[in-house]
Amino acid sequence: MVADSRASSASPSPRRLNVPRPVLVEAGVDGVPLSVSRRAVALVREEWRVVDRWWTEEPVFRRYFETVLEDGSCLVVFYDQERRSWLEQRA
Amino acid sequence: MARAAGLTYVELHCHSAYSFLDGASQPEELAARAAELGYEAIALTDHDGLYGSLELAHAAKALGLRPITGAEVTLADGSHVTLLVESRRGYANLCRLLTRAHAGTRPKEGREPLPPALPLEALMELREGLVCLSGCARRGLAVRDPSAAAQLARAFGRERFYVELQRPYERGDARRNAALRDLAQALGVSTVATGNVHAHRPCRAFLQDALVAIRQRSPLEACEQERRGNHECVLMAPAQAKERFPDDPDAVARTAFLAEQLEYDLTCELGYRYPDFSTDSEPAEARLRRICERAFVERYPASDKALREKARSRLEEELRLICELGLAGFFCLHHEVLELAREVAEEVRGPGSPRRALPPGRGRGSSVGSIVCYLTGLSHVDPVAADLSLGRFLNREMASCPDIDLDFPRDIRERLIVRVIERYGRERAALVASFSTYHARGAIRDLGKALGLPGAEIEQLARLTEGDPRRVGEELASLPDGRRKLASRRWRALAWLCAEIADLPRHVSQHPGGMVVSSQPLVELVPVQPAAMAGRQICQWDKDSCADAGFLKIDLLGLGMLSAVEECMELIARTRGEAIDLSRIPLDDPAVYEEIQRADTVGAFQIESRAQMQSLLRTRPQSLDDLTVQVALVRPGPIQGGAVHPYIARRARRRRDPSYKPPIDHPLLAEPLRETLGVVVFQDQVLEVAMALAGFTVGEAEGLRRAMSRKRSREALEAYRERFLAGAQARGVDPATASRVYDALAAFSGFGFPKSHAAAFALLAYQSAWLRRYYPAEFLCALLNAQPMGFYPPASLVRDAERRAVRVLPPDVNRSAAACSVEEGAVRIGLAYVQGVGKEEAEALAAGQPYADIRDLAQRSAVAEDTLRTLVEAGACDCLGQPRRALLWQLGLVPRPQAVPGSGGRAHQLALPLQPVTETPELLEETPWERLLADYRTMGLSLGPHPLALLRFQLPAGAVASAELDRLQHDQRVAVAGLVVARQRPATAKGVVFVLLEDEHGLVNLVLPPPVYERYRALARGEPLLLAYGRLEKVGRGRSVVVDRLESLGPLAQKAAGLAASPRPLPQAHDFG
């Protein structure tokens, strides 16, 4: 017998995808990442900046970097000026 | 180009607020910031226009920067290219291109304009003297259509076409710029770096986001795509350019090389010439003399030898001066425009009109002081007989053309503007632009919507605001829930964004009547674009820029009172068969002056306002000369200059003691200030004082006056102070006196009338008062038809006339014309006065008269059913012999012709000839309150009882009517109630607010001291019915109530009317600054 899927009371609540996660970044004086999670940055492919939602209680002031690490992996990290912390997000 | 110091960057792509909602800084702010950052040149490239170019050019040059003229042009496919001017030919081409881009933006009158669009072929054809950059990162031609960019590159050649690289710090910059570099290489052209600037400082980048939202008419949240995503659109320091373009140092360095190539200087190479009017056989000077001599014989008959001699010497002096200044063509042009106006007036007035004898218009302003203007028909005041000075209008040291302002009745002006454009050609004549700038209300509404704030709360704040966007934060804080609001970022953002947006231009519109005419194509001097009204076109510069460019501006102004006076004469001729010649009425009629002295002047030109009334009671004018002073006295200049109270006091003293000599600051001022009792009332006296006390030449003095009247010349005013003080000292005037006099002149600033202007206005003020006195019904009718104009809403004009025994009749579908008319000595309200009835609909309704019943009316007229309902509610169908509610019931049952689906309203099905099968039930009559509110809702005025007459017996004990104030004592406590007619918070009154209340007997002036106003601001600004408690102040014959407590009569009216909410349709008061 098949269980009634609607009967389940443990249905998960909506989940945000690709949530930024804190990451350890060492940056130079110009703010450009030198290493991410203790892995050296081989190349910064691009930098972009986002200023948004400044009129709300959750303003966004971020500096993004698309990096290639020395092991060849690609990673987007950003510095969140509001939270004063580095976060990583899948590209 | 900043290379000597190791800097190698010039900004070549920069938007100011003249990109209209896509740029957050004034040109002056950009220039000042660029100078601060160490630039040596800067380009202004607003969207599809040169609106701010001259402003930037002058501001930049004053700061030692080299201005570069250009524009970002929208092509037909919506993509952008940046055009920069290299030479005079290039500037002319850019103007022609922008004119072309705008040519199709107004296909239909009354609709929103379409975006400008320039065909690529036109750009390739008119490319000479221009440098083309391939456009911005988002909508640049090279990004959107590389093959079209290649076409342009071939047309312009490698010396004049560059691929534009931008680095807005958006994701994808690297890939886009790599593609653009490849394109440049493939085309064999170079790249150049630009910043696509939209703000001069980072704080304005927030405003730029909000402007995008306003442009998109959406909240900030909903226009993420259109916003820039970050705040990198700010003018950067030249040194930062290298960091921003690390892979393109050559593209950065090239900006400076290119800037050197762009040599054109807009401030001195425009080459404008106004029409000369010289022919081979007759130079312009001879033509002007011929015109003057012809009129001289008529105007100055040999019988008055003394006047004639005086006039002859004045004419010779003026003609000599005009010849020296090379201004004969200027006067001939004005004369020709006036001749055109005469033709237009004949057409508009029609044959047999009593208006035929009137001149087509009349002069105002300083030109009224010129005998040449008098003889050429440009003014109607004899400057010799009236002893008017010429200095301000015309003098040997003039740096620009004199101003001639001409007033016309509106109907003549409408057609004259189009006729002037037709006469001189669409390439040579256009109206001057005017830029609507942000004030508090507009700022609160637009920014509030952008920030997603609740509409009702925004509207509440917008209604309460005083008008200064910089004070919105304080006003927000003073709201009952201000603290809660300011705890939220959105409301805080509203407060500071309002301060930032203050005075920025929002859109372009037309100047009230300024036109420029040029002998060479105007479209090569400034872009020209269609105006909102069909047949009109405007140039892209405002009056200041046109003056800076040396353009000859003719002011053809529409004056509501002239329209009203002319209509009044027609009505008198039609209804009484009397032909009035206003030039022959007695100018010393005691009955007219008696009314003026009593301040019984509602509706009279210039002397009807609350402040004028208060002043009239004390100055008590007795002649046209007194009226001339009176008209000029209640102006911001004399008020700020501290002239009003001394003048009034000295005049009272002189009345008591004719030998009284008013005190003066220095004996040198005795003559210039003789006729105004020792104070500065007229603008020309500023010149005369500067000449008498500080030894200024007439040209220097006129320069001082101009500096005072222009928004861009605060520094210049300070420079004049030093010269004034030095000049006065040289004449033995002590520094303290000189300084005091200069301060009074500076406070007077530009906000005063020249005596000649005041004289012209005083004459019209007297004529209107005379018509009001002897033909009150015709005068009221004409005023109602000339609305909007004047100080009072139509409701108050009607109440005032009723108090003076004029009968006013309601609109009537069987008797009213479209406009208001005079019917057996009474004023009949016209059908077009009913809300929602357009002029054409009203005319069609009147043409179909008479109507037998409501069914006949509904079936024979094409008026919408809603409008018919409004006509019933306004009482226009009372003549059909049924109560209003019964008419409404029957209206709902009348079968009406229906539009055939798909015909676009052109074809109609005939109505079935069915008779209603049900009887009209018994319906209750409306109450007086319901009628009153329906009147205000449908017409904005009421002919029934005044709301205060309905409320009077329910007012608290002790509340007195306006008619009772005369018998009460000065300083006695009183309570007065009324309908708010006007509110005024003059900048000159140090925060005091004046409210004019109207009750069933007349008007009461309320004075709200600043603390009282602050406490009751919401009531004072928002409530239509007020009860005011305070102290009666009686000064001379003036009476006011100095208020200490205010209450709303809304709840009482609500109860009396049996309504669920406060009565809303009561007319809104007029607000004055």
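Rules used throughout
Residues numbered from 1 in each chain as written. Chains lettered and ligands numbered in written order. Predicted model: local features only at pLDDT ≥ 70, side-chain atom pairs only at ≥ 80, totals over all residues. Helix = DSSP H or I, 4+ residues; strand = E, 2+ residues; numbered from the N terminus. Buried ≥ 20, exposed ≤ 12 C-beta atoms within 10 Å, placed from the backbone. Contact = placed C-beta atoms within 7 Å. Rg over C-alpha atoms; globule rule 2.2 N^0.38 Å. Pairing = 2+ DSSP bridges. Expected span 1.5 Å × (residues − 1). pLDDT = per-residue confidence, 0-100. Axes fitted to C-alpha atoms, helices over the stretch in contact; angles between N-to-C directions. Parallel < 35°, antiparallel > 145°, perpendicular 65-115°, else oblique. Nonpolar A, V, L, I, M, F, W, Y, C, P; charged D, E, K, R; others polar. Left-handed = near helix turned anticlockwise from the far one by under 90°. Core = buried A, V, L, I, M, F, W, Y, C linked by C-beta atoms within 7 Å.

1. Section: the overall build of chain A
Thought 1: Looking only at helices and strands, one finds zero helices and seven strands in chain A.
Thought 2: Reading the secondary structure of chain A in the N-to-C direction produces β-β-β-β-β-β-β.
Thought 3: With 91 residues in all, chain A has 18% of them scored as buried.
Thought 4: Long-range contacts, defined here as pairs at least 24 residues apart, represent 36% of the contacts in chain A between residues at least 6 apart.

2. A closer look at the overall build of chain B
Thought 1: Of regular secondary structure, chain B possesses 43 helices and 25 strands.
Thought 2: Taken over C-alpha atoms, the radius of gyration comes to 32 Å for chain B, in line with the 31 Å a tight globule of 1073 residues would show.
Thought 3: Sorting the 1073 residues of chain B into buried and exposed places 48% on the buried side.
Thought 4: A fraction of 70% describes how many contacts in chain B between residues 6 or more apart in sequence connect residues 24 or more apart.

3. A look at the sheet that holds strand β16 (residues 826–828) of chain B
Residue and element names in this part refer to chain B.
Thought 1: An order of β14-β16-β15 is seen for the three strands of this open sheet, with the pairing classed as mixed. Each edge of the open sheet carries a strand with a single partner, namely β14 (808–809) and β15 (821–823).
Thought 2: The sheet contact formed by β15 and β16 spans three bridges and is antiparallel. Its bridge partner being in β16, V822 is matched across the sheet by V827.

4. Focus: helix α37 (residues 865–873) of chain B
Residues and elements named next belong to chain B.
Thought 1: When we look at burial in α37, the residues that qualify are L868, T870, L871, V872 and E873.
Thought 2: Packed against the buried residues of α37 are α36 (854–860), α38 (884–893) and α39 (928–939).
Thought 3: Looking one or two places after α37, you find G875, whose phi comes out positive at around 90°.

5. Focus: helix α3 (residues 88–102) of chain B
Residue and element names in this part refer to chain B.
Thought 1: Counted at 1.5 Å a residue, the expected span for α3 with its 15 residues is 21 Å, and the 21 Å between its end C-alpha atoms agrees.
Thought 2: Listing the buried residues of α3 in full gives G90, Y91, A92, N93, L94, C95, L97, L98, T99, R100, A101 and H102.
Thought 3: Packing partners of the buried residues in α3 comprise β2 (66–74), β3 (80–85), α4 (120–125), β4 (130–133) and β11 (528–530).

6. Quick look at the confidence of the model for chain B
Thought 1: Confidence along chain B averages 89 in pLDDT terms, with 96% of residues attaining 70 or more.
Thought 2: Residue range residues 1–7 of chain B is modelled with pLDDT below 50. Its contacts to residues more than four positions away, or to other chains, number 19 contacts.

7. Regarding the packing of helix α8 (residues 203–216) of chain B against helix α20 (residues 489–501) of chain B
All names here are of chain B.
Thought 1: At their nearest, the axes of α8 and α20 sit 10 Å apart, and the two run at 95° to each other. Comparing the axis directions of α8 and α20 gives the class roughly perpendicular. Here C203, R204, F206, L207 and A210 of α8 lie close against α20, whose contacting residues are L497, E500 and I501.
Thought 2: Here the contact of α8 with α20 is composed, by residue class, of six nonpolar, no polar and two charged.

8. A look at the pairing of strand β24 (residues 1038–1048) of chain B
Residue and element names in this part refer to chain B.
Thought 1: Alignment of strand β22 (residues 1003–1008) against β24, held across three bridges, turns out to be parallel. In the sheet register, V1007 faces β24, and the bridge partner there is V1042.
Thought 2: Two strands pair when backbone bridges link them, and strand β23 (residues 1025–1035) and β24 are joined in this way by ten bridges, in the antiparallel orientation. Residue pairing for β24: L1027 is matched across the bridge by E1047.
Thought 3: Hairpin remark: β23 followed by β24, antiparallel, with two residues in the connecting loop; positive phi at G1036, about 60°.

9. Points about the pairing of strand β7 (residues 85–89) of chain A
Thought 1: Judged from the two bridges that link them, strand β1 (residues 21–22) of chain A and β7 of chain A form a sheet pairing that is antiparallel. Residue P22 of chain A lies in a different strand from β7 of chain A, and its bridge partner there is L87 of chain A.

10. What to know about the packing of helix α11 (residues 284–299) of chain B against helix α13 (residues 328–349) of chain B
Residues and elements named next belong to chain B.
Thought 1: Orientation of α11 relative to α13, taken along the N-to-C sense of each, is 50°, at an axis distance of 8 Å. It follows from the interaxial angle that α11 and α13 lie oblique. Of the two elements, α11 crosses α13, and the hand of that crossing is left-handed. Of the residues in α13, those touching α11 at A284, E285, R287, L288 and I291 are A328, G329, F331, C332 and H335.

11. Concerning the interface of chain B and chain A
Thought 1: Contacts between chain B and chain A engage 15 residues on the former and eleven residues on the latter.
Thought 2: Ranked by residue count, the leading element in the side of chain B that touches chain A is α20 of chain B, at three residues.
Thought 3: Grouping the constituent residues of the side of chain B that touches chain A by class yields six nonpolar, three polar and six charged.

12. Some points on the nonpolar core
Thought 1: One finds I42, M515, L693, A765 and L997 of chain B to be the most contacted residues of the largest nonpolar core, which totals 328 residues.
Thought 2: Discounting chain neighbours no more than four positions away, the residues touching M515 of chain B are I417, V420, A429, A430, L431, V432, K553, I554 and L556 of chain B.

13. Examining unusual backbone geometry
Thought 1: For the bond running from Q787 of chain B to P788 of chain B, omega is 0°, close enough to zero to count as cis.
Thought 2: Tracing the sequence through the fold places P788 of chain B in the loop between α33 (776–785) and α34 (794–803).
Thought 3: Geometrically, the link from Q849 of chain B to P850 of chain B is a cis peptide bond, its omega value of 5° lying close to zero.
Thought 4: Position of P850 of chain B relative to the elements: it lies in the loop between α35 (839–847) and α36.
Thought 5: Look at R38 of chain A: it is not a glycine, yet its phi comes out positive at around 65°.
Thought 6: R38 of chain A sits in the exposed class, given 8 other C-beta atoms within 10 Å.

14. A closer look at the sheet that holds strand β4 (residues 39–52) of chain A
Strand pairs in the sheet, formed through backbone hydrogen bonds, run parallel or antiparallel to each other.
All names here are of chain A.
Thought 1: As summarised here, the arrangement of the seven strands in space is β1-β7-β6-β5-β4-β3-β2, forming an open sheet in which the pairing is antiparallel. Either end of the sheet is taken by a strand with one partner, and the two such strands are β1 and β2 (25–27).
Thought 2: Bridge analysis of β4 against strand β5 (residues 60–69) gives ten bridges, and the strand direction is antiparallel. For R49, the partnering residue across the bridge sits in β5 and is R63.

15. Comments concerning the environment of R1039 of chain B
Thought 1: Looking at the secondary structure, you find R1039 of chain B in strand β24.
Thought 2: Non-local contacts of R1039 of chain B, meaning those with residues more than four positions away in its chain, are made with L965, L1032, E1033 and K1034 of chain B.

16. Quick notes on the environment of G72 of chain A
Thought 1: For G72 of chain A, the location among the structural elements is in the loop between β5 and β6 (74–80).
Thought 2: Along the chain, G72 of chain A and V32 of chain A lie 40 residues apart, while their C-alpha atoms are 18 Å from each other.

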